[in-house]
Structure formats: C-alpha cells, structure tokens
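# Structural features, examined
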There are 2 protein chains.
Amino acid sequence: MKKFVNDPKQYVPEMLKGIALANPDTLRYVPAYNLIMRADAPRQDKVSIIQGSGSGHEPAHVMTVGKGMLDGACPGDVFAAPPMDYVYETVKLLASDKGVLLLVNNYTGDKMAFDMAQELSEADGINVKTLFINDDVAVEDSTWTVGRRGVAGNFFVMKAVGAAAEAGADLDEVIRVGEKVNSVTRTMGIALTACTPPAKGSPLFELGDDEVEMGVGIHGEPGRRRAKLTSADEIVDELLSAVVGDLPYAAGDKVALMINGLGGTPISELYLLYGSAHEKLAAMGIEVTRSYVGEYCTSLEMAGASLTLVRLDDEIDALLAAPAEVAYRVF
Amino acid sequence: MKKFVNDPKQYVPEMLKGIALANPDTLRYVPAYNLIMRADAPRQDKVSIIQGSGSGHEPAHVMTVGKGMLDGACPGDVFAAPPMDYVYETVKLLASDKGVLLLVNNYTGDKMAFDMAQELSEADGINVKTLFINDDVAVEDSTWTVGRRGVAGNFFVMKAVGAAAEAGADLDEVIRVGEKVNSVTRTMGIALTACTPPAKGSPLFELGDDEVEMGVGIHGEPGRRRAKLTSADEIVDELLSAVVGDLPYAAGDKVALMINGLGGTPISELYLLYGSAHEKLAAMGIEVTRSYVGEYCTSLEMAGASLTLVRLDDEIDALLAAPAEVAYRVF
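Let me sum up the structure you'll find in this document. (Residues numbered from 1 in each chain as written. Chains lettered and ligands numbered in written order. Predicted model: local features only at pLDDT ≥ 70, side-chain atom pairs only at ≥ 80, totals over all residues. Heavy atoms only, no water.)

## Observations concerning the layout of surface pockets
The space that makes up the second largest pocket amounts to roughly 1,400 Å³. What lines the second largest pocket is a set of 41 residues, and nearest its centre among them are A:Thr193, A:Glu301, B:Thr193, B:Ala194 and B:Glu301. Counted by class, the lining of the second largest pocket contains 18 nonpolar, 11 polar and 12 charged residues. (1 Å grid on protein atoms, 1.4 Å probe; cavity = no way out; pocket = protein on both sides within 12 Å on 5 of 7 lines; lining within 4 Å. Points joined across faces, edges and corners; volume = space filled by probe spheres on them. Nonpolar A, V, L, I, M, F, W, Y, C, P; charged D, E, K, R; others polar.)

## Points about the interface of chain A and chain B
Chain A puts 63 residues into the contact, and the matching count from chain B is 63 residues. In total, about 5,400 Å² of surface goes out of reach between chain A and chain B, with carbon and sulfur atoms giving 65% of it. It is A:Lys2, A:Phe4 and A:Phe331 in chain A that bury the most area against chain B; as a group they hold 19% of the surface buried on that side. For the interface between chain A and chain B, the tally reads four salt bridges. With a closest N to O distance of 3.7 Å, B:Lys3 and A:Glu269 form a salt bridge. At the level of elements, α1 (11-22), α4 (154-166), α6 (232-246), α7 (267-283), β12 (287-294) and β13 (304-311) of chain A are the ones that each hand at least two residues to the side of chain A that touches chain B. Per-element accounting of the side of chain A that touches chain B gives the leading share, 10 residues, to α7(A). For the side of chain A that touches chain B, a count of residues per class yields 35 nonpolar, 13 polar and 15 charged. (Contact = heavy atoms within 4.5 Å. Buried area = accessible area lost by both parts, 1.4 Å probe. Salt bridge = Lys/Arg side-chain N within 4 Å of Asp/Glu carboxyl O. Helix = DSSP H or I, 4+ residues; strand = E, 2+ residues; numbered from the N terminus.)

## Quick word on the sheet that holds β13(A)
All names here are of chain A. The mixed open sheet is built from six strands, whose spatial order is β10-β9-β8-β13-β11-β12. Looking at strand neighbours, the two that pair on one side only are β10 (225-228) and β12, the edges of this open sheet. With direction set aside, neighbouring strand axes in the sheet form an average angle of 20°. Inspection of the sheet shows strand β9 (residues 211-214) paired to β10 by four bridges, in the antiparallel sense. (Pairing = 2+ DSSP bridges. Axes fitted to C-alpha atoms, helices over the stretch in contact; angles between N-to-C directions.)

## Here we look at the nonpolar core
Judged by nonpolar contacts, the single largest core of 108 residues is most densely connected at B:Ile19, B:Leu101 and B:Leu103. Among all residues touching B:Leu101, those that are not within four sequence positions of it are B:Val47, B:Ser48, B:Ile49, B:Ile50, B:Lys129, B:Thr130, B:Leu131, B:Val161, B:Leu171, B:Val174 and B:Ile175. A:Leu27, A:Ile133, A:Val157 and A:Leu300 belong to the second largest nonpolar core, which has 106 residues in total. (Core = buried A, V, L, I, M, F, W, Y, C linked by side-chain atoms within 4.5 Å. Buried < 20%, exposed > 50% of the residue type's maximum accessible area, 1.4 Å probe, protein only.)

## Structural notes on the relation of the copies chain A and chain B
For the pair chain A and chain B, the relating rotation is 180°, the translation along its axis is 0.0 Å, and the fit reaches an RMSD of 0.0 Å. The operation mapping one copy onto its partner corresponds to a two-fold rotation axis. No C-alpha of chain A approaches the rotation axis more nearly than that of A:Gly264, which lies at 2.1 Å. Counting the interface residues of chain A, we find that 100% of their copies in chain B are interface residues as well, pointing to one common contact surface. (Least-squares fit on C-alpha atoms with pLDDT ≥ 70 in both.)

## Some points on the sheet that holds strand β5 (residues 72-73) of chain A
Residue and element names in this part refer to chain A. The mixed open sheet is built from six strands, whose spatial order is β1-β2-β5-β3-β6-β7. Each edge of the open sheet is held by one strand with a lone partner, namely β1 (27-30) and β7 (128-133). Direction of pairing for β1 relative to strand β2 (residues 35-38): antiparallel, over a ladder of four bridges. Residue pairing for β2: Arg28 is matched across the bridge by Met37. The strands touched by helix α2 (residues 84-94) are β2, β3 (48-51), β5 and β6 (100-105); relative to β3, the strand with the most contacts, the crossing angle is about 165°.

## What to know about empty space enclosed by the protein
As enumerated under the stated definition, the model contains seven cavities of 30 Å³ or more in all. Quantified by volume, the largest cavity comes out at close to 250 Å³. Lining the largest cavity are 21 residues, with A:Gly294, A:Glu295, A:Tyr328, B:Glu295 and B:Tyr328 positioned closest to its centre. Mapped onto the lining of the largest cavity, the elements with two or more residues apiece are α7 and β12 of chain A together with α7 (267-283) and β12 (287-294) of chain B. Looking at the lining of the largest cavity, its residues break down into 13 nonpolar, four polar and four charged. Counted as a void, the second largest cavity has a volume near 80 Å³. The wall of the second largest cavity is formed by 14 residues, among which B:Val151, B:Gly189, B:Val216, B:Ile218 and B:Ser306 lie closest to the centre. At the level of secondary structure, the elements contributing two or more residues to the lining of the second largest cavity comprise β8 (185-191) and β13 (304-311) of chain B. Counting residues per element, the lining of the second largest cavity draws most heavily on β8(B), which supplies three residues.

## Here we look at helix α2 (residues 84-94) of chain B
The set of residues buried in α2(B) consists of B:Tyr86, B:Val87, B:Tyr88, B:Thr90, B:Val91 and B:Leu94. Close packing links the buried residues of α2(B) with β2 (35-38), β3 (48-51), β5 (72-73), β6 (100-105) and α3 (108-123) of chain B.

Note that every value here comes from positions in space, so none of it alone points to a role or purpose.
Dropping the structure here:
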C-alpha cells in the first residue's frame, strides 16, 4: 500500500483535521462525530441539510459543506456508514426551526443509521425528513443496496437543495426540489483499477491488466460486467447508451453533463471523455448546456470515471447556477 | 497502460477539444497551435499573459486560462515543450498595446521555444517579455534544466500576474509582481509511483513497492534521493525542512501553504498532509493564512504530492485574493 498515511485508523480524523485547519473561518470540526459543519450553522431561518455516507468519496461530502450546499457531513470510516449516534448528534447540533433534511445515498448501512437517527430526533421534537438518492443505472440491486445506488449524481441533488434552502424555502419545498432533481438524474461508472482502503491494506478487488469493471459501484461493488479495456470513444458509447436509454433522455432535451473522476484518473483524461460524450449527445439532438468535469464522488485512488446526465428545465438550471462556497475549490 | 484514450497521438487535441466544448462562452480553441485562449482576448487595455509548457500537468496550464489568470496557453505534447511556432503564433494572436508577458517554467526545451518566439515577435514590433519561474528546491540543475525547475508554485505567479494585469498594471509592473512572488515561493515534491505517457505506453521510471522518489520533478525526473516509504508525518517533516530552510521562512512569517496532488493521489490524502504541515508550521511560529489543497500541477496519474510555501505580505495577499474564473472549477 503506497499512501500518505500515519496510523490507518486515524486516516479519516486526520483528513478532517486538515479540512478544518484549511477553512478556519467557514467550517467547524467536531471530532466526536466526524462532523464537518458550517461555522454559522445552525441558522434558524433556513432548512439544515446533512449528509453522512462513508469516507473515501471525497470531495463528497465533507468538502462540500458550505454556503449553498451542505450544513454538515458526518461520515463513517472509509466505505462504512456513519454510526447512528453520529447522525443523531449531528441532527441535534444542526436542528433548525425550519427543519432538517437528511440526504442519504441509497445504501443499506446508511439507510439504517439515518432511519434510527431520524426516529430518535423526531422523539426529541425535531422536524426532520429524509431524501434518498439513487441515480446509478448500472444495477437494480447490489451487494450494498436494495434498489439503485446513489453515486455522483448526488452532487446535483445537494446543489439544488442547498440553493433552495439558502433562498429560504421550507422543508417540503426543499424536498420537492431534491426529489425532482433526483428523478431526472442518471449515472453509470467504469473502473480501470481497484482501490485500497488504508485499514485493509490491499486492493478491494482484482482486475486483470486489460480488464475494466463496467457499471462499478463507488465502493468497488460489481457492476454489469467485466470487460476488456476498449477505446475511450467505445467506453463513452456504452456509458451513454445505458444512461440515456434509462430515463430516457431524448432529442430536444437540455442537460447537464458530468464526467466525474473516481480518484486516480487525471483530469486530462476526464476532459477527453467529456469532449467525446458532448459530441455524441449533440449527434442525438441532446444539448449540453451545463458542464461538470472533475472529481465529485470518488473511490479513494481508483482509476475510472462516471458519466451523469441531468435533464434541465428553468427551475433546475437556476438552482445549479446559484452561488455556493465549499472547501473543495481552486482559489 | 490503462487509460481513457483513443489514438495516443490525439490525446492532447482531444483533451483540448473537451475543454473548449465545456466552456463555449469563455474560451476559444485554436487547434493549429494547441491554443486555449480567453474568448475576449486580446484586450488592448490589459497585458496579455501566455504560458506554454508541456501537457500532462493539467490543470496547468490550459485549464487556468480565464479572467484574472492566463489569456492563453499553448502546450506541447505530453511532457514536451511547445514548438516555437505555437508560441510565436500565440503571441501574434494575443498581442496587446499594453504588451505580452510569457510565463516560462524553467526547463531547457521551454526556454528555447519561448526565446525564439520572443525574438521573432519583437522583430514584428510586439512588446513582449519573459518571466521565468523556478520554485523547486529539490535540485540545483536537473536532467531537464540548467538551474532550478518551475513546478507547482507556478500557480501563485500566474495568479498574481493575472490579478495585476486584470487591474490594468503595465508590463513592467506585472513583471515586478511576478518576480516578487517567484522570489518568495518554494516547493518540493515526492512521488509514490511513476506515470505513463500515453504515447510511450510504459511507466517513465521504476519504483520499488516500498520506494519513493524524494524531490521528484513533474516529468518524473530524479529528485534528491530514492527512499523507503515512511509515514505521512515523516514525509512532511522532510518536505518542510527542505522548503522552509531554503528561503528561509522564519517565525513570524505569514504564508500560503499549498499541498498539490501529482494526479493519482486522492484528495483525502492531500488534506491529511495539509493538516500535518499546517500544525508543524504553527509549531515553528509560521502562520498559514491562505490554504490551497488539490491538483494544481500534475504529472498525469502519478501518485504523489508537492508542498509549496509563499511568504505573504499585504500586496501578495491581495493579489491572491482577487477573483478569477477558469475552466478548472467545481460549479
């Protein structure tokens, strides 16, 4: 295992400490619950938005806490759901008069932790609701889920509910917006390599030198098939066919196109994929009017990428265009 | 070689096409010279800023073209200086009444191409000057350079001259600012793995399973020594010792701290390194007041990182804080 790590058990806390030190004015770190929260949260004039999930998917979700995005994220260890009490304590810390929204990517472990935390919080009189994200078209059920998985498309739901909450929408309206974005968002990914969780010390799965996992999950879960590595254009064809055909997206649609890196793939390759996908969509009559290229939801150092489409209307476009400020930035 | 690629010879043009398609309103792509330029360039009321260098270092430099940063970047192929005529034609396209500044990371191939292009442009009556960047403390001369190499600290020079030019400074003033920032910027990097240029198809160098290259260059050039992989904290100690001792930075200084990923290292590890470095600097009495964590200057999919310090004063701090808009962004 070749990683920048001290004690593997301290991998997540040491990362979180780094995030906090790099953002002293805007973020607060609560070590007891792996919690990164906005320094100005909770605000009683806006819905609080919380996401948990496992670590290892950065920038999701601890680096997307900030104005116009999440109010807090309380991840578990690498690829592990947060313990129920992390979520419960986070909800109590971020409780707002306007309510609390829990964003949950659809994995069994996360659902259990968030369900229990919601129940306990409601017993405390907190107005809290949950929104599930399930954009991954690769498989119906999987090793980690009942139903479809939530993957990189999660970014668009976060962005939309974050913008709506910042604008003062009430909890029902924020949920309406989030469900709407989730309903028009579809993703599929491909892995070129596995990745190595620090505490495990060995790769999550084995792939031959010429093999890829088509439809891979963000924890290295199996996708649709093990295949030989082909050209970038052929890979884009297969990803687009699965994603476009699922909603389906159709000629005349305006869409956001995201090429998300899984961690180990350089951004040059992501832009190469983007150019290919953009032109193929144009040939289908689908116009890309918003572009997202980079790392949004990763699997540690896995080489690979996912392709996400969001069908846009004026409402969604405006929410995605709203300003936001997070730790994950260039300047 | 496991990469998203079609014809390896088209790797750079296909990436550039993707950048242009993703930024139709703000950028223009001139395929003949691998040129990505601002759609509103040249502006006769500001100094034009151009950087070339090889490809494979993205986001440097084709993804940092935009308002408050570069006016254009005309890279060569992967890890190859641009041909002289790319630079010359780019200078002619971006010629401004206020002059043209060429930013050159100090590599022999780049220097030759930019020197010749400057000479030809001057013969055409264009006011053009060159600023060299050489922030890498690892080695004095190297396989690719006479004198120190320019690496990730290049970002701070770009940012500062970009801000000064945007504010209307004349060419001499822009150069003064850039040289000032370069003079207080120091970097050293470490590689955990090699990388594979698409057209080569095999790794640039060999590293044992437990080995690192301390002081590596951004083209995989040798650094100070081949060493055994140690803990993240010990690595930070060695990088800081080299960087801090070089300027030297001293107790009482305020600095910007950049942890730059070399391409294959996940951002979680970069924040872990950041936290360690921030605390060690604080213990030396050096206060980090600006933080930069992510990929700024990469070597394809190389696993590794570099650490950069910039000594801040009010002038440099204001230039780094100025707004900028580039292709490499989250939203």
